[in-house]
Amino acid sequence: NNAHPVFKDKAPQGHLGIHYKWWEESILNPLAQLTSFQEWHKVPLSPKTEALVKEMNCLNSHVFGAVIQMRVVESIAFDIASSFNKLFSVVKVGGVGVFTNDKLAWIRTHIKAEKFHQKQVSDEESGILCLASSAKEQKEILEMTKHYVSFWSGALSEFKSFLINLP
């Protein structure tokens, strides 16, 4: 939400500062306005993205599930935000940029925040392996993380293929 210091100066006040609303208002709605398709929220998930969501739901029932999800997401969020910034900053219609600096503020503040978040989940003081009380639990977390990463890899590879094959 917009209460985090990194977001406070850039995020809209109130409910529009909640991440998914901010993303919707600054990125998804402008993209929808460029097309005749206005109901982006009704687009079905791609097969590998659907598999990722199912795996997320499966992890929710495990004692380490949220921890594993947080560790993986915080490890890739910086790269995703940086890639989105590069991608959306070059979108033009009629030679005019679609995403102005105020629209890209969501992504750019996330780039800053993700550096901190990544350190928080991976360092020796507060990293996720600190939550394991034995070597056996650490091994379990690592194995589950590798499994979960494979679903992210599939979804991101599918997205990459989609972008490469755009007309």
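Scroll up for the structure.
Reading the values: the criteria
Residues numbered from 1 in each chain as written. Predicted model: local features only at pLDDT ≥ 70, side-chain atom pairs only at ≥ 80, totals over all residues. Heavy atoms only, no water. Salt bridge = Lys/Arg side-chain N within 4 Å of Asp/Glu carboxyl O. Helix = DSSP H or I, 4+ residues; strand = E, 2+ residues; numbered from the N terminus. Buried < 20%, exposed > 50% of the residue type's maximum accessible area, 1.4 Å probe, protein only. Axes fitted to C-alpha atoms, helices over the stretch in contact; angles between N-to-C directions. Parallel < 35°, antiparallel > 145°, perpendicular 65-115°, else oblique. Left-handed = near helix turned anticlockwise from the far one by under 90°. Contact = heavy atoms within 4.5 Å. Nonpolar A, V, L, I, M, F, W, Y, C, P; charged D, E, K, R; others polar. Expected span 1.5 Å × (residues − 1). Arc of directions from axis to C-beta.

Re the pattern of salt bridges
A side chain of one charge can pair with a side chain of the opposite charge when the charged atoms of the two come close.
Alright, step 1. Applying the stated criterion to the full structure yields two salt bridges.
Alright, step 2. Taking the shortest distance from any N to any O, the salt bridge between E143 and K139 comes out at 3.9 Å. You can see E143 and its partner K139 sitting in helix α6 (residues 135–164), four residues apart, about one turn around the helix.
Alright, step 3. Given a relative accessible area of 46%, E143 falls into the partly exposed group.
Alright, step 4. Judged by relative accessible area, which is 53%, K139 ranks as exposed.

Looking at the packing of helix α3 (residues 47–59) against α6
Alright, step 1. Contact geometry of α3 with α6 gives a least axis separation of 7 Å together with a crossing angle of 155°. As judged from the angle between their axes, α3 and α6 are roughly antiparallel. At the point where α3 passes α6, the crossing takes the left-handed sense. Packed against α3, whose contacting residues are P47, K48, T49, A51, L52, E55, M56 and L59, the element α6 presents M144, H147, Y148, F151, W152, G154, A155 and E158 at the interface.
Alright, step 2. For the contact of α3 with α6, a count of residues per class yields 10 nonpolar, three polar and three charged.

Considering α3
Alright, step 1. Taking 1.5 Å per residue, 13 residues should reach 18 Å; α3 reaches 18 Å between its end C-alpha atoms and fits that length.
Alright, step 2. Taken residue by residue, α3 has L52, E55 and L59 as its buried positions. Around the axis of α3, the buried residues are gathered within 65° of arc, so they sit on the same side. Exposed residues lying more than 90 degrees from the buried face of α3 are P47 and K54.

A look at α6
Alright, step 1. Between its first and last C-alpha, α6 extends 42 Å over 30 residues, near the 44 Å set by a 1.5 Å rise per residue.
Alright, step 2. Buried residues of α6: I141, M144, T145, Y148, W152, G154 and A155, and no others.
Alright, step 3. Buried residues belonging to α6 abut α3 and α4 (65–89).

Functional significance is not addressed by these values, which are geometric in nature.
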